[in-house]
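# Notes for the structure review
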Amino acid sequence: MSLLAQRYVLKGNISQSQILARHSMRVHTRIEGQKVSNGRNKVTIQSLQAQRTNKIPITMLTAYDYPTGMACSSNPNLDVTLVGDSLAQVCLGHDSTTKLTLQEMIHHARAVSRGTTHPFLVADMPFGTYHVSLASTTTNAVRLIQEGRVDAVKLEGGSEISTVVRHLTSIGIPVMAHVGLMPQRHIAMSGYRVQGRTAEAARRVLSDALALEDAGAFSIVIEAVPKELGSYITERLKIPTIGVGAGPGTSGQALVWDDVMGTWPGRKAKFVRRFRDLQTPKDYAISDYTTAVREGLFPGEAESYSMNNEEWNKFLSAEE
């Protein structure tokens, strides 16, 4: 709920449920300057920082196409939409995020952007697109901003990429950093393992986060670390932290679309909560459709077009 909405609730002018209901009635939105018609201002780096300061949890969810981008925009409580490189697995069928190309990311980011209104839109820079040189990194990041039409880019890495982050932010490209478990490095890390479980490992994660903040990152994703470490890093930093399996003490939380919707058939990570089971209704719908076609029940009269009898008879006469 916005701070203005909170004041209305506190004054007794309107209930929280009424506010959310009114927001929900105006979901197909368009941007007019910085204002969108669902009543929520366009989320900015400044407003995300204000949420951190006021301890209003930040919400981030992935999206991969126009429908999911529009769905994220339909709820005023969704702050950040991430076009995550997890699309390599959940959309393109790859076994790793490292298989995703820059052109594929741009294609999906552009589709999500068409459905995005108030959420701050971030895209992952795919593996290999920010490792070769500062020149190529800049070109790739600019392409994501210009062609992918995102607001910011996200990079996985620790202090070793601080020079890259500093360079991008110095030329006006906002960077969201990502520490802890880094899926793009799952092979080097010997799998998707929880990070920072020893004192030494925890110090490394903290050191990385501090270096990336100093380099100019406006926010940092912390993935798969003990909850104590997630809270401690959040207290030490002056920028918002977004937790992915980092406990409840971070500035916000993020999950993958397919995990939230219960449509991912793969292994469920410990930090995932499936808020709905949308796969079962999909399976039933496919089963009902194929059965109806096989049994001659679809299409029926309601789904069929008709021709004027006189015109039909003319057609048949011409065919004789």
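The following refers to the structure shown. Remember, predicted model here, so these are calculated numbers, not experimental data. (Residues numbered from 1 in each chain as written. Predicted model: local features only at pLDDT ≥ 70, side-chain atom pairs only at ≥ 80, totals over all residues. Heavy atoms only, no water.)

## So, the overall build of the protein
Heads up, the condition is: The numbering of helices and of strands both runs from the N terminus, where a helix is a DSSP run of H or I of at least 4 residues and a strand a run of E of at least 2. Whether two residues touch is decided by their heavy atoms; if any such pair falls within 4.5 Å, the residues are in contact. To be clear on the numbers: accessible area is Shrake-Rupley with a 1.4 Å probe, and residue cover counts the displayed protein chains and nothing else.
Of the regular secondary structure elements, the protein holds 13 helices and 10 strands. Taking all contacts inside the protein whose residues are at least 6 apart in sequence as the whole, residues at least 24 apart take part in 57%. Of the roughly 17,400 Å² that the protein leaves accessible, carbon and sulfur atoms contribute 54%.

## A look at the sheet that holds strand 6 (residues 152-156)
For clarity, the cut-off: DSSP-based pairing: two strands are paired if at least 2 bridges between them are found. Axes, fitted as lines to C-alpha atoms, cover a helix only where it is in contact. Angles between the N-to-C directions of the axes lie from 0 to 180 degrees.
Ordered by their spatial adjacency, eight strands build a closed barrel running 3-4-5-6-7-8-9-10, and the pairing between neighbours is parallel. Across this sheet, the average inter-strand angle for adjacent strands is 25 degrees, counted without regard to direction. Relative to strand 4 (residues 80-83), strand 3 (residues 58-62) is paired through three bridges, and the arrangement is parallel. Residue pairing in the sheet places Met60 in a bridge with Val80 of strand 4. Across the sheet, helix 7 (residues 134-146) is in contact with strand 5 (120-124) and strand 6; its angle to strand 6 comes to roughly 140 degrees. Sheet contacts for helix 8 (residues 162-170): strand 6 and strand 7 (175-180); angle to strand 6, the most-contacted strand, approximately 175 degrees.

## A closer look at the pairing of strand 5
To keep things clear, this is the line we draw: Any residue under 20% of the maximum accessible area for its type is buried, any over 50% is exposed, and the rest in between are partly exposed; the area is computed with a 1.4 Å probe on protein chains only. By definition, the crossover connecting two strands over a helix is right-handed if that path, from the first strand to the second, turns clockwise as seen with the strands pointing away from the viewer.
Among the five residues that make up strand 5, five are buried, leaving the element largely enclosed by the rest of the structure. Note: strand 4 against strand 5, four bridges, orientation parallel. From the neighbouring strand, Val80 faces strand 5, where its bridge partner is Phe120. Pairing between strand 5 and strand 6: three bridges, direction parallel. When the bridges of strand 6 are listed, Asp124 appears paired with Lys154. Crossover handedness for the path strand 5 to helix 7 to strand 6: right-handed.

## Digging into the nonpolar core
As a reminder, the rule being used: What we call a nonpolar core is a set of buried Ala, Val, Leu, Ile, Met, Phe, Trp, Tyr and Cys residues that are connected through their side-chain atoms within 4.5 Å.
Membership of the largest hydrophobic core comes to 52 residues, with the highest contact counts inside it found for Leu144, Leu155 and Ile220. No other element matches the six residues that helix 9 (residues 199-215) contributes to this core. Excluding residues within four positions of it along the chain, Ile220 makes contact with Ala177, Val179, Ala209, Leu212, Glu213, Leu237, Ile239, Pro240, Thr241 and Ile242. Val43, Leu48, Phe120 and Val244 belong to the second largest nonpolar core, which has 15 residues in total.

## Considerations on the pattern of salt bridges
Where side chains of opposite charge bring their charged atoms close, a pairing between them can arise. The condition is simple: Here, a salt bridge means any side-chain nitrogen of Lys or Arg that lies within 4 Å of a carboxyl oxygen of Asp or Glu.
Overall, the coordinates contain nine salt bridges when judged by the stated rule. Asp79 is the salt-bridge partner of Arg40, the closest N and O atoms lying 2.8 Å from each other. With Arg40 in the loop between strand 2 (35-36) and helix 3 (45-53) and Asp79 in the loop between helix 4 (66-73) and strand 4, this residue pair connects regions lying 39 residues apart in the sequence. Given a relative accessible area of 3%, Asp79 falls into the buried group. Here Glu228 makes a salt bridge to Lys227, at a shortest N to O gap of 3.6 Å. This pair shows no difference in class: Glu228 is exposed, exactly as Lys227 is.

## A word on the packing of helix 9 against helix 10 (residues 227-236)
Keep this limit in mind: The cut-offs work like this: below 35 degrees is roughly parallel, past 145 is roughly antiparallel, 65 to 115 is roughly perpendicular, and the gaps in between are oblique. In this scheme the crossing of two helices becomes right-handed for a clockwise turn of the near helix relative to the far one and left-handed for an anticlockwise turn of less than a right angle. Any residue outside Ala, Val, Leu, Ile, Met, Phe, Trp, Tyr, Cys, Pro, Asp, Glu, Lys and Arg is labelled polar, Gly included; the first ten of those are nonpolar and the last four are charged.
Packing of helix 9 against helix 10 brings their axes to within 10 Å, and their N-to-C directions diverge by 30 degrees. On the basis of their axis angle, the class for helix 9 and helix 10 is roughly parallel. Along this stretch, helix 9 crosses helix 10, giving a crossing that reads as right-handed. Taking contact as the criterion, the partners of Ala202, Val205, Leu206, Ala209 and Leu210 in helix 9 are, on helix 10, Leu229, Tyr232, Ile233 and Arg236. Residue classes in the contact of helix 9 with helix 10 are distributed as eight nonpolar, no polar and one charged.

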